[in-house]
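Architecture and fold: a report
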Amino acid sequence: MELDKIEDKHLKPGKANQVVFAETLEELAAVDKNIVVVTSDSRGSGKLVPFGEKYPKQIVEVGIAEQNLVGVAAGLASAGKKTFAVSPACFLSARALEQIKNDVAYSDNPVKLVGISAGVSYGALGTTHHSLHDFAALRAINNITIVAPADNFEAEQTVRKAINFGKPVYIRLGKKNMPFLNEKNRDFEFGKGRIVRKGKDVTIIATGETVYPAWLAAQQLQEKEGITATVVSMHTIKPLDVNLLAELAANGKPILTVEEHMVHGGLGEACAGYLFQNGFRNTFAIIGIPDEYTVTGSQLEIFNHYGIYEEGIYAKAKEMIFQKQ
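Position labels on residues start from 1 in each chain and follow its written sequence. Owing to the predicted nature of the model, reporting of local features is limited to residues with pLDDT of at least 70; listing and counting of side-chain atom pairs is limited to 80 or more, with chain, interface and lining totals taken over all residues. Calculated side-chain values reflect all of the structure's heavy atoms, with hydrogen atoms and water omitted.

What to know about the pairing of strand 11 (residues 255–262)
- Per-residue accessibility, obtained with a 1.4 Å probe over protein chains only, is compared with the maximum for each type, and a residue is labelled buried under 20%, exposed over 50%, and partly exposed between these values. Secondary structure elements are taken from DSSP: a helix is a run of H or I of four residues or more, a strand is a run of E of two residues or more, and numbering for both begins at the N terminus. Across the 8 residues that make up strand 11, a large majority, 8, are buried.
- Of the pairings in the sheet, the one linking strand 8 (residues 202–206) to strand 11 comprises 4 bridges and is parallel in character. Bridge pairing in strand 11 places Thr-203 opposite Ile-255.
- Both strand 11 and strand 12 (residues 284–289) contribute to a ladder of 5 bridges, which runs parallel. The residue bridging Val-258 from the neighbouring strand is Ile-287, located in strand 12.
- Crossovers are described as right-handed under a simple rule: with the strands pointing away from the observer, the path leading from the first strand over the helix to the second runs clockwise. For the crossover from strand 11 across helix 10 (residues 267–277) to strand 12, the handedness is right-handed. By the convention used here, strands pair only if DSSP detects at least 2 bridges between them.

Section: helix 7 (residues 152–163)
- Under the 1.5 Å per step criterion, the end-to-end length of helix 7 is 17 Å for 12 residues, consistent within 8% with the ideal 16 Å.
- When helix 7 is considered as a whole, its buried residues turn out to be Asn-152, Phe-153, Glu-154, Ala-155, Gln-157, Thr-158, Val-159, Ala-162 and Ile-163.
- We define a polar contact as two N or O atoms separated by no more than 3.5 Å, with the added condition that, inside protein, one atom must be a possible hydrogen donor and the other a possible acceptor, whereas residues neighbouring each other in sequence contribute only through side-chain atom pairs. Where helix 7 begins, one side-chain oxygen reaches toward the backbone nitrogen of Phe-153, 3.4 Å away; that side chain belongs to Asp-151. Here a helix's expected span is defined as the number of its residues, less one, multiplied by 1.5 Å.

Re the sheet that holds strand 6 (residues 169–172)
- Judged by pairing direction, the sheet is mixed, and its 7 strands sit side by side in the order 2-1-3-4-6-5-10 without closing on themselves. A single partner strand is all that each edge strand has here, and the edge strands are strand 2 (59–61) and strand 10 (236–238). Between one strand axis and the next, the sheet turns through 20° on average, direction left out of account.
- Strand direction decides the pairing type here: strand 5 (residues 145–147) and strand 10, joined by 2 bridges, are antiparallel. Convention adopted: a line fitted to C-alpha atoms gives each axis, helices being fitted over their contacting stretch, and angles between N-to-C directions are expressed from 0 to 180 degrees.

Let's talk about unusual backbone geometry
- For the bond from Lys-238 to Pro-239, the omega torsion is 0°, close enough to zero to count as cis.
- Structurally, Pro-239 can be placed in the loop between strand 10 and helix 9 (242–249).
- The residue Ser-117 is not glycine, and still its phi comes out positive at about 50°.
- If you trace the backbone, Ser-117 turns up in the loop between strand 4 (112–116) and helix 6 (134–139).
- Judged by its relative accessible area of 1%, Ser-117 falls in the buried class.
- Positive phi values are uncommon outside glycine, yet Asn-143 reaches one of about 70°.
- Structurally, Asn-143 is set in the loop between helix 6 and strand 5.

Encoded structure:
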């Protein structure tokens with residue numbers, strides 16, 4: 001399953017969500033001069049070179065200084081600018097964590113923190129460049145919304161919703177081309193999960209770039225086993241859509257979560273925490289990166305190694321269904 005070569009006849013191919021983010025922001029900046037982008041030597045990797053060429057007065061380059069990046073962005077936001085702070089997710093959510101906590105969240109400055117090349121997008125650059133901690137770290141901070149778009153539709157909507165949101169937002173973006181997962185379901189709201197495929201035997205809840213392999217796994221389950229799966233893009237990690245979660249769990253069927261993140265502190269534990277504290281006893285499992293030294297390789301190789309791909313999700317969901325029976 002090659003993530004950047006979308007060949008499935010049922011899905012419309014798309015671009016990298018980072019590209020859609022930049023294009024949407026460029027469109028909006030044409031009519032809103034209050035939109036300002038702050039980058040940490042990352043306009044190239046953030047696909048913001050055209051933005052900078054068109055709107056040189058609406059982009060600030062601070063260099064490789066992520067703490068300064070967030071501090072400057074917070075200052076601009078406090079002065080009424082609609083500020084997007086763009087930096088690799090691994091550095092933004094670690095080096096600048098104190099500034100995110102104090103200058104943005106605690107001070108209630110509506111900065112849009114954009115973590116690019118998230119998860120294991122940097123692949124062979126290794127653990128130093130993987131952001132497998134960002135959900136966990138930021139979920140523990142009050143007053144920040146965490147969003148990981150699954151496809152181009154969600155990426156575009158995230159930017160449009162974030163512009164006038166009025167609160168801090170962390171937007172997590174990857175590098176691979178993503179298909180449009182469900183052209184019929186055009187509903188998007190922060191804090192509301194999006195059902196991209198409906199079924200009755202198992203629920204697969206994923207986020208970001210793991211939603212596509214979850215969709216493919218559901219297709220394989222139906223074709224090979226006659227098993228139908230509901231697939232949810234839980235694009236908002238915080239606040240979690242607990243109403244949808246409760247609705248999905250009410251039938252007692254197995255629930256499997258999938259994420260490009262450490263199994264500790266991410267989507268899976270957020271879902272489990274809600275379900276088990278509220279009396280649900282569904283068979284439950286998390287697919288993610290285990291607590292170990294992460295293997296080095298491309299995103300696809302790392303996904304394959306840890307089962308975060310079509311075959312791995314298919315096998316785990318099938319195992320859970322037969323265990324339940």
